[in-house]
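In case you want the letters, here they are:
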Amino acid sequence: MAKRTSYFPELKRNWWLKHPYFKKYMAREATVLPLVFFLLCLLAGLYSLLQGAESWQGWLTFMQSPLVIAVNALAFIASLFHAWTFFQLFPRVMPLRAGGRTLPPNLMVLGQWFGVVVVMVLAAWIFMRGL
Amino acid sequence: MTTKRLSIQRYLPEQGNNTPYWQDFDIPFDDSTSVLDALNYVKEELDGSLSYRWSCRMAICGSCGVMVNNTPKLGCQSFLRDYEGPVKIAPLAHFPVEKDLIIDMGLFLDHLAAVQPYLINDSRLINDSEEGTETFKQTPAQMEKYKQFAGCINCGLCYSACPQFGLNPEFLGPAALTLAHRYNLDSRDQGKKQRMPQMNREEGVWSCTFVGFCSEVCPKNVDPAAAVNQGKVESAKDMLIGIFKG
Amino acid sequence: MNKGTSLNNDASENMRRSDEPIWWGLFSAGGVCFAVFVPAAILFIALLIPAGIVGPDALRFERAHSMVFSLPGLIFIGMVICLPLFHAAHRIRHGLHDLKLGTEHLNKVATYGGAALLSVLALVGFAIGIL
Ligand code: SF4
Ligand code: FES
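Just so you know, these numbers come straight off a predicted model, no measurement behind them.

Draft legend 1. Fine view of the overall build of chain A. Helix and strand counts for chain A come out as 5 helices and 2 strands. The C-alpha atoms of chain A give 23 Å as radius of gyration, which overshoots the globular expectation for 131 residues (14 Å, by more than 25%). The principal-axis extents of the C-alpha atoms in chain A amount to approximately 80 × 45 × 25 Å. By residue count, 37% of the 131 residues in chain A fall in the buried class. A fraction of 46% describes how many contacts in chain A between residues 6 or more apart in sequence connect residues 24 or more apart. As displayed, chain A has an accessible area near 7700 Å², and 71% of this comes from carbon and sulfur atoms.

Draft legend 2. View of the UniProt feature "transmembrane region" (unreviewed entry) in chain A. All names here are of chain A. The positions UniProt marks with the feature "transmembrane region" (unreviewed entry) are residues 68-87 and 107-128. The span residues 68-87 shows a helical share of 100% and a strand share of 0%, and its end C-alpha atoms are spaced 28 Å apart. What you have in residues 107-128 is 100% helix and 0% strand, and the ends, taken at the C-alpha atoms, are 31 Å apart.

Draft legend 3. Inspection of the domain arrangement of chain B at higher detail. Residues and elements named next belong to chain B. Here the domain parsing of chain B yields domain 1 (3-103) and domain 2 (106-125 + 132-245). Here the C-alpha centroids of domain 1 and domain 2 sit 30 Å apart. Counting from both sides, the interface comprises 15 residues of domain 1 and, opposite them, 17 residues of domain 2. For the domain 1 face of the interface with domain 2, the top three residues by lost area are Pro72, His94 and Phe95, together amounting to 49%. Across the domain 1-domain 2 interface, the total number found is 0 salt bridges. Linking domain 1 with domain 2 are 5 residue pairs in polar contact (both at pLDDT 80 or more). Put simply, the parts of the chain that give the side of domain 1 that touches domain 2 at least two residues each are β3 (65-68) and β4 (71-74).

Draft legend 4. Layout of the nonpolar core. With 77 residues, the main nonpolar core has Leu6(B), Ile8(B), Leu39(B), Leu74(B), Ile89(B) and Tyr159(B) as its most contacted residues. At 6 residues, the largest contribution of residues to this core is made by helix α6 (residues 174-184) of chain B. If we skip the residues at most four places from it in the chain, Leu6(B) touches Gln23(B), Asp24(B), Phe25(B), Ile27(B), Ala38(B), Leu80(B), Val87(B) and Ile89(B). With 58 residues, the next largest nonpolar core counts Cys41(A), Val109(A), Ala40(C) and Cys82(C) among its residues.

Draft legend 5. Structural context of the sheet that holds β3(B). All names here are of chain B. Read from one edge of the open sheet, 5 strands run β2-β1-β5-β3-β4, paired in mixed fashion. The open sheet has two edge strands with one neighbour each: β2 (21-29) and β4. Along the sheet, successive strands turn relative to each other by an average axial angle of 35°, direction set aside. Relative to β2, helix α1 (residues 35-46) is tilted by about 100°, and along the sheet it contacts β1 (2-10), β2, β3 and β5 (87-90).

Draft legend 6. Region of interest: the site of ligand 1. In the vicinity of ligand 1, the residues found are Cys152(B), Ile153(B), Asn154(B), Cys155(B), Gly156(B), Leu157(B), Cys158(B), Ala175(B), Cys218(B) and Pro219(B). Taken together, the residues of the shell around ligand 1 sort by class into 8 nonpolar, 2 polar and no charged.

Draft legend 7. Spotlight on the packing of helix α5 (residues 105-128) of chain A against helix α2 (residues 38-48) of chain C. At a closest axis distance of 9 Å, the pairing of α5(A) and α2(C) adopts a crossing angle of 30°. Classed by the angle they form, the pair α5(A) and α2(C) counts as roughly parallel. Judged by the twist between their axes, the crossing of α5(A) over α2(C) is right-handed. Of α2(C), the residues touching α5(A) (which contributes Val119(A), Met120(A), Ala123(A), Ala124(A), Phe127(A) and Met128(A)) are Pro39(C), Ala40(C), Leu43(C), Phe44(C) and Ile45(C).

Draft legend 8. Region of interest: the interface of chain A and chain C. If you look at the interface, chain A gives 57 residues, while chain C gives 59 residues. Buried area between chain A and chain C, summed over both chains or domains, comes out near 4900 Å², and the portion from carbon and sulfur atoms is 79%. Three residues stand out in chain A for area buried against chain C, namely Arg13(A), Leu49(A) and Phe127(A), and they jointly supply 13% of the buried area on that side. Put simply, chain A and chain C have 2 salt bridges between them. We note a salt bridge from Glu29(A) to Arg91(C), for which the minimum N-O separation is 3.3 Å. Applying the counting rule to chain A against chain C returns 15 residue pairs in polar contact (both at pLDDT 80 or more). Elements that contribute at least two residues to the side of chain A that touches chain C include exactly α1 (20-30), α2 (32-50), α3 (53-64), α4 (66-93) and α5 of chain A. Split by residue class, the side of chain A that touches chain C holds 43 nonpolar, 8 polar and 6 charged.

Draft legend 9. A look at the environment of Ala90(B). Residues and elements named next belong to chain B. Within the secondary structure layout, Ala90 lies in strand β5. Ala90 sits in the buried class, given a relative accessible area of 13%. What Ala90 contacts, discounting residues up to four positions off in sequence, is Gln9, Trp22, Val66, Met67 and Leu101.

Thresholds, definitions, all that
- Residues numbered from 1 in each chain as written.
- Chains lettered and ligands numbered in written order.
- Predicted model: local features only at pLDDT ≥ 70, side-chain atom pairs only at ≥ 80, totals over all residues.
- Heavy atoms only, no water.
- Helix = DSSP H or I, 4+ residues; strand = E, 2+ residues; numbered from the N terminus.
- Rg over C-alpha atoms; globule rule 2.2 N^0.38 Å.
- Buried < 20%, exposed > 50% of the residue type's maximum accessible area, 1.4 Å probe, protein only.
- Contact = heavy atoms within 4.5 Å.
- Areas by Shrake-Rupley, 256 points an atom, 1.4 Å probe, with all protein chains shown as cover.
- UniProt positions renumbered as here; feature names shortened; annotations may be inferred.
- Domains from an automatic or database assignment.
- Buried area = accessible area lost by both parts, 1.4 Å probe.
- Salt bridge = Lys/Arg side-chain N within 4 Å of Asp/Glu carboxyl O.
- Polar contact = N/O pair within 3.5 Å; in protein donor to acceptor, adjacent residues only side chain to side chain.
- Core = buried A, V, L, I, M, F, W, Y, C linked by side-chain atoms within 4.5 Å.
- Pairing = 2+ DSSP bridges.
- Axes fitted to C-alpha atoms, helices over the stretch in contact; angles between N-to-C directions.
- Near = heavy atom within 4 Å.
- Nonpolar A, V, L, I, M, F, W, Y, C, P; charged D, E, K, R; others polar.
- Parallel < 35°, antiparallel > 145°, perpendicular 65-115°, else oblique.
- Left-handed = near helix turned anticlockwise from the far one by under 90°.

Here it is, written out as structure tokens:
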């Protein structure tokens, strides 16, 4: 056989900048970055709660600083974007069958958003009761 | 007739040129001119040295895949009318390029073969009585389970759309894993046990991060991403069963 | 040319079963929590209450203390802190692979190890609080 002279470019680490679809994929993956910030806030809150009322007050003040609110606002948007992508994947990974038919994916997506709303209402009740 | 500018990636190693380069052509086109028609026009009228693959012209043989503006497409199924401005045509990504738009699909074919994509069923061999020549029976409901995943034409577009295959060519990839899942779902098949070890590997279903672009580009709406991720559920179950059986 | 070695269907090294089902399971569970529970948590704890839209009394020290150090509090820690941590770890690990950063083994230890460490921290904090 003649010497092979094929050309095989290696995928560079910036491959995801080359197509809008891949940018959206990377945005989806990056939703966890502001999430991690929020989770660290919660952990800090847990430990300041353990240290008494004064440090708890300190944590509440920390949560009020504009930069923290800004990053957490980003985390909120990220969580909704994540939900939007994640809910669409679910019916494809685990198609549910009822009465010999696959449930329409849109119905499953809608059902999951309904869950988000229920949790929001529940949270509103938990945080606002007796105020 | 208006013309459209085509930029085609050329690679001609036998002429001593070991780096690919771009060559522009102006192609007369109308509403019915496909990318494949345009390539044929180049070869017949402008530059006979251009190499590319094609056969059926009707999205059946799966041989005319190319990157059109960085997206994997079947040349015969993409039309110049749908592109504004110049059109960039390159060989399918993530495969070694042999010449111009011709890639070496060997890796893809190896991965396909690795999952044993055919009916595995010994029952017809037990006694070579008349049953041996009988066809398998299958109800429409049983067929429905795998039908969507059976439409693959082995064009390889999904491999060019998959960054995980691009990052690691050992990854079995969308079409192979889809075929594995398709046969595992087939009521006539008994080969799941033989296929699971391939799917369970790191380079089996577990290299996938559900980018999803493979399903986007698939010309047959096979939805390989769904199949691969259903394969993850199967592989996870397989692991659990393995643990309980000890 | 052909780099494919995956053809041999034997029990060789490259036929090893991946441990990914464990991480993928945690990732999926965490993904559901991130999509369904985390948006409400961020909205109230990190946005509405710090911004003063919901009364500041909502997270008064005694109230927060009794809410967190209870059974619902434990469920909250599991669903809003621990599982999302593993979800984030999984995405960061694969994101590093996508960007061709680090090595497979190191990334795994750092990300899942980090998630495990922070989860233990949260659970220890909870345990101290109820004792
Ligand atoms: S799954 Fe679709 S894109 Fe992939 S090889 Fe088959 S037909 Fe082509
Ligand atoms: S020429 Fe056969 S699929 Fe395009």
